[in-house]
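# Summary of the model geometry
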Amino acid sequence: MNYNKREILRKAIITIILIIIVLLMILGIQSSDFSKLKKYDIEGKPSKISFGSRNSVIEVSIVSKNEVNLGDFVFNVLGDKKLIANISVIHKPKTDTVSSDSAKHEFVKKGTLLRDATINAMLESRNFEMKVDNDRIKDNIKNKLNKNLENSTVEEVYFNKFIIQ
């Protein structure tokens, strides 16, 4: 009989503790102000398309008269590591007869093709181990893009973001 009272008392105490913990969790969630969470977007960037919980810019966008942003790229490198890059290019019309408007709009029109060429150029430059040869990668991207452009010539390639994590 004494054993049953102790067992009942022990179970009652455990139950009360669990109820208190659950009530504290509910109270904490209810009193949280999730409206104060901030979303950090960069102004002037193109719309973002969400993939799961991460956002990536996958559109080609015109930044200025001679600059075009090709968007974000993510590559698996070195086993479980990723290379995250955002690439912009400086371009000029191929000839004097080509207007700068038609030259820059060619990038938007051929956005998918140019992003694919950039991906292929990056994959050909897959030596991301200890030393990253940015100049070789940039030249490879520039050459691939220029092969796909009729009205423009890429002069410079810039990495706005180049993170290996």
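First things first, this report covers the structure right here in the doc. Predicted, not measured: the structure shown is a model, and the values here were computed from it.

This brings us to the packing of helix α3 (residues 111–124) against helix α4 (residues 134–148). Across the interface, α3 lies against α4 with an axial gap of 9 Å and an inter-helix angle of 145°. Judged by the sense of rotation from one axis to the other, the crossing of α3 with α4 is right-handed. Contacts from Leu113, Leu114, Ala117, Thr118, Ala121, Met122 and Glu124 of α3 reach α4 at Arg136, Ile137, Asn140, Ile141, Lys144, Leu145 and Asn148. A breakdown of the residues in the contact of α3 with α4 according to their chemical character gives eight nonpolar, three polar and three charged.

Another point: the sheet that holds strand β3 (residues 61–62). The four strands lie next to each other as β3-β4-β5-β6, forming an open sheet whose pairing is antiparallel. Unpaired on one side and paired on the other, β3 and β6 (152–164) mark the two borders of the sheet. Where β3 and strand β4 (residues 67–77) come together, two bridges link them in antiparallel fashion. Note on β4: the bridge partner recorded for Ile62 is Val68. Contacting β4, β5 (81–93) and β6, α3 runs over the sheet at an angle of about 45° to β4. Most of the contacts of α4 go to β6, to which it runs at about 135°, and overall it touches β4, β5 and β6.

In this structure the tally under the stated criterion is two aromatic pairs. With 6.3 Å between their ring centres and 5° between their planes, Phe73 and Phe75 make a pair best called stacked. Residue classification places Phe75 among the buried positions, given a relative accessible area of 7%. Sitting over the ring of Phe73, Arg115 keeps its end group 4.3 Å from the ring centre.

Its 15 residues give α4 an end-to-end C-alpha distance of 21 Å, which sits within 8% of 21 Å, the value for a rise of 1.5 Å per residue. Turning to α4, its buried residues are Ile137, Asn140, Ile141 and Leu145. Taken around the axis of α4, the buried residues stretch over an arc of 125°, which confines them to a single face. Facing away from the buried side of α4, by more than 90 degrees, are the exposed residues Asp135 and Lys147. Elements in contact with the buried residues of α4: β4, β5, α3 and β6.

The next thing to look at is the pairing of β5. Relative to β5, β4 runs antiparallel, the two being bridged by ten bridges. Opposite Val77, over in β5, you have Lys81 as the bridge partner. As consecutive antiparallel partners, β4 and β5 are separated by three residues, and within that stretch Leu78 has a phi angle of approximately 50°, a positive value. Bridging between β5 and β6 involves eleven bridges; their strand directions are antiparallel. Bridging from a neighbouring strand, Val89 pairs with Val157 of β6.

What counts, and where the lines are drawn
Residues numbered from 1 in each chain as written. Predicted model: local features only at pLDDT ≥ 70, side-chain atom pairs only at ≥ 80, totals over all residues. Heavy atoms only, no water. Axes fitted to C-alpha atoms, helices over the stretch in contact; angles between N-to-C directions. Helix = DSSP H or I, 4+ residues; strand = E, 2+ residues; numbered from the N terminus. Left-handed = near helix turned anticlockwise from the far one by under 90°. Contact = heavy atoms within 4.5 Å. Nonpolar A, V, L, I, M, F, W, Y, C, P; charged D, E, K, R; others polar. Pairing = 2+ DSSP bridges. Phe/Tyr/Trp six-rings, centres within 6.5 Å; stacked < 30°, edge-to-face > 60°. Buried < 20%, exposed > 50% of the residue type's maximum accessible area, 1.4 Å probe, protein only. Lys NZ or Arg CZ within 6 Å of the ring centre and 35° of its normal. Expected span 1.5 Å × (residues − 1). Arc of directions from axis to C-beta.

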